[in-house]
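# Structural description and commentary
Residues per chain, in single letters:
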Amino acid sequence: MPPLRRSSARAVAAARVIRERKDPLEDEARFLRSWFERPLVTGAVTPSGRMLARTMASYADPNVAGPVIELGPGTGPVTEALIRRGFDQDRLVLVEFNPDFCTLLRRRFPGVTVICGDAYRIRETLRDRLEGLCAATISSLPLFTKPLEQRLDLLQGAHDLMHPGAPFVQFTYAVVPPIPAKCEAGSYTASRSNKVWLNLPPARVWVYRRPEPKAGTV
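Read on for a plain summary of the structure. Since this is a predicted model, take the numbers as computed values, not measurements.

### Things to note about the overall build of the chain
If you tally the helices and strands in the chain, you get eight helices and seven strands. Burial statistics for the chain: of 218 residues in total, 46% are counted as buried. Surface summary for the chain: the accessible area is close to 11600 Å², and the carbon and sulfur share equals 55%.

Below, the structure written as structure tokens:
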């Protein structure tokens, strides 16, 4: 795919993110402290690496209209990758449960919308907070800490907020998909990336889409 052309405003925003790049060791310390305090909420002990964040962001298309939802942004590595990808900050809606991370995200990305709330209750958390259908949902949530029924409800809720065919992007360290790849009901399709070996630990990205309705159907 050829590189996306950016407006000068987007290029300036991306350059600002690069200049204000955080200290990776400082962010790892934040994650580790959060994990010790609430391991089932934080899930990971380190933030996503640059290559993993870039892989996740690559599935979101800046040319598709609407906001982008990011669930569990943590200290913002995927947020940064989305801005580098060409998204204006005012299109990004971040849902983070940890109040300390919310404060950090607002300082690092002053143009984004940061909502301190429960991403697993996505319909309630984002009610009246979105303008139009969304272009993508990017999730770094620890899905395996939740029962399958709750994971499926999250996926369904996210798809209800997005354009038909828009991606729900989720990474995992596990060898099995965080949400089953096969859906007998046909309510979604699933695909996966190659293993991101440069991440520590290595991870894989799964992409779930709700099929677009066929012509002549409602």
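### Side note on the sheet that holds strand β4 (residues 136-139)
Read from one edge to the other, the open sheet built from seven strands follows the order β3-β2-β1-β4-β5-β7-β6, with strand pairing classed as mixed. The sheet is open, and its two borders are formed by β3 (113-116) and β6 (189-192), each paired with just one other strand. Within the sheet, the average angular offset between the axes of one strand and its neighbour, ignoring direction, is 20°. The sheet contact formed by β6 and strand β7 (residues 204-209) spans four bridges and is antiparallel. Residue pairing for β7: A190 is matched across the bridge by Y208.

### With respect to the environment of V196
As for its position among the elements, V196 is in the loop between β6 and β7. Exposure remark for V196: the relative accessible area of 5% places this residue in the buried category. The residues touching V196, leaving out its near neighbours within four places in the chain, are M51, L52, T55, P202 and A203.

### Quick look at the packing of aromatic side chains
Evaluated as defined, the whole model comprises three aromatic pairs. Measuring from centroid to centroid gives 5.2 Å for F171 and Y173, while their planes differ by 70°, and the two rings are edge-to-face. Assessed through its relative accessible area of 31%, Y173 is described here as partly exposed. Relative to Y208, the ring of W206 has its centre 6.3 Å away and its plane inclined at 25°; by these criteria the two rings are stacked.

### With respect to helix α6 (residues 99-108)
Of the residues making up α6, those classed as buried are F101, C102, L104, L105 and R108. Buried positions in α6, seen along its axis, are confined to an arc of 165° and lie on one side of it. In α6, those exposed residues whose orientation departs by more than 90 degrees from the buried face are D100 and R107. The backbone nitrogen of D100 lies 2.8 Å from a side-chain oxygen of the residue at the head of α6, namely N98.

### Some remarks on the state of the cysteines
When the sulfur atoms of two cysteines share a covalent bond, that bond is a disulfide. In this structure the tally under the stated criterion is zero disulfides. Left without a disulfide partner, C102 is nearest to the cysteine sulfur of C116, which lies 3.6 Å away.

### Regarding the packing of helix α4 (residues 50-57) against helix α5 (residues 77-85)
Direction vectors running N to C along α4 and α5 enclose 55°, while the axes themselves pass 8 Å from each other. Taken as axis vectors, α4 and α5 run oblique relative to one another. For the element pair α4 and α5, the recorded crossing hand is right-handed. Packed against α4, whose contacting residues are A53, R54, M56 and A57, the element α5 presents P77, V78, A81, L82 and R85 at the interface. The class makeup of the residues in the contact of α4 with α5 is seven nonpolar, no polar and two charged.

The rules we used
- Residues numbered from 1 in each chain as written.
- Predicted model: local features only at pLDDT ≥ 70, side-chain atom pairs only at ≥ 80, totals over all residues.
- Heavy atoms only, no water.
- Helix = DSSP H or I, 4+ residues; strand = E, 2+ residues; numbered from the N terminus.
- Buried < 20%, exposed > 50% of the residue type's maximum accessible area, 1.4 Å probe, protein only.
- Areas by Shrake-Rupley, 256 points an atom, 1.4 Å probe, with all protein chains shown as cover.
- Pairing = 2+ DSSP bridges.
- Axes fitted to C-alpha atoms, helices over the stretch in contact; angles between N-to-C directions.
- Contact = heavy atoms within 4.5 Å.
- Phe/Tyr/Trp six-rings, centres within 6.5 Å; stacked < 30°, edge-to-face > 60°.
- Arc of directions from axis to C-beta.
- Polar contact = N/O pair within 3.5 Å; in protein donor to acceptor, adjacent residues only side chain to side chain.
- Disulfide = S-S within 2.5 Å.
- Parallel < 35°, antiparallel > 145°, perpendicular 65-115°, else oblique.
- Left-handed = near helix turned anticlockwise from the far one by under 90°.
- Nonpolar A, V, L, I, M, F, W, Y, C, P; charged D, E, K, R; others polar.

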